Each structure stands twice: as C-alpha cells, then as structure tokens.
Amino acid sequence: MSTQPLTASPEEKELAARRILAVTEEELQQIVLDIHDGLVQQLFAAQTQVSVMRARRAAGQTITEPEWDAHLERLAGVLGQSLQEIREFLG
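Residues numbered from 1 in each chain as written. Predicted model: local features only at pLDDT ≥ 70, side-chain atom pairs only at ≥ 80, totals over all residues. Heavy atoms only, no water.

*Asks:* Whenever I open this one, the packing of helix α1 (residues 10-58) against helix α2 (residues 65-90) confuses me. Can you help?
*Replies:* A packed helix pair is summarised by two numbers, namely the angle formed by the two axes and the spacing between the axes. α2 packs onto α1 with a crossing angle of 160° between their chain directions and a minimal axis gap of 10 Å. Overall, the two elements α1 and α2 adopt an arrangement that is roughly antiparallel. In the packing of α1 onto α2, the handedness of the crossing is left-handed. For the contact of α1 with α2, the class distribution of residues is 15 nonpolar, six polar and five charged. (Axes fitted to C-alpha atoms, helices over the stretch in contact; angles between N-to-C directions. Helix = DSSP H or I, 4+ residues; strand = E, 2+ residues; numbered from the N terminus. Parallel < 35°, antiparallel > 145°, perpendicular 65-115°, else oblique. Left-handed = near helix turned anticlockwise from the far one by under 90°. Nonpolar A, V, L, I, M, F, W, Y, C, P; charged D, E, K, R; others polar.)

Right, dumping it as structure tokens:
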C-alpha cells in the first residue's frame with residue numbers, strides 16, 4: 001500500500017483560502033460585537049460614574065464620605081469587570 005502526498009489544485013487552494021478568510025472575518029466581527037456589547041458599555045458606565053461626581057462637585061453639592069465610597073466601589077467594580085474581560089480576550 002503506497003501513500004502519495006495529497007496535492008490540491010489551484011482552485012481547491014483558492015477555495016480553502018476563501019473559507020479561511022470568511023471564518024476569520026466572522027470571528028473578527030464577533031470580537032468587535034463582544035467588545036462593543038461588553039467592554040465599551042462597562043467603560044462608558046465608569047466614565048458616567050466619574051462625570052456624575054464631577055458634576056455634583058462643580059455644582060457645589062455636598063458629597064458625603066459614604067456617597068464617595070459607594071461611587072468609588074461601583075467604579076472599581078466596573079473597572080475590575082473591564083480588566084477581566086480584556087484578560088479573557090487576550091487569554
């Protein structure tokens with residue numbers, strides 16, 4: 001029983017390359033959607049937390065220490081989730 005190396009015709013090679021490219025494009029689109037739906041939203045939420053506190057301070061509103069703590073806790077949570085998501089994408 002002899003084994004000969006398989007050779008693909010130029011048409012088969014081109015078809016295979018197109019399939020690989022299509023899969024790669026689909027994967028990239030999914031990554032972009034995942035980033036937009038997750039990471040971008042989380043970072044927007046963090047930015048909103050900072051903006052709210054800056055606006056209150058600029059308006060001269062008193063912000064109690066428990067309020068600061070609560071905002072910082074929420075901000076730290078959102079940023080922590082964002083970092084975890086980045087690690088998952090890279091990992």
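Now that the structure has been shown, we can carry on.
*Asks:* Any chance you could explain α2 here in plain terms?
*Replies:* Given 3.6 residues per turn, any residue in an α-helix points the same way as the ones three and four places further on. The terminal C-alpha atoms of α2 lie 37 Å apart, and with 26 residues this matches the ideal 38 Å at 1.5 Å per residue to within 8%. Where α2 is concerned, the buried positions are His 71, Leu 75, Val 78, Ser 82 and Glu 85. Tucked inside the fold, the buried residues of α2 contact α1. (Expected span 1.5 Å × (residues − 1). Buried < 20%, exposed > 50% of the residue type's maximum accessible area, 1.4 Å probe, protein only. Contact = heavy atoms within 4.5 Å.)

Without other data, these values stay purely geometric and don't point to any function.
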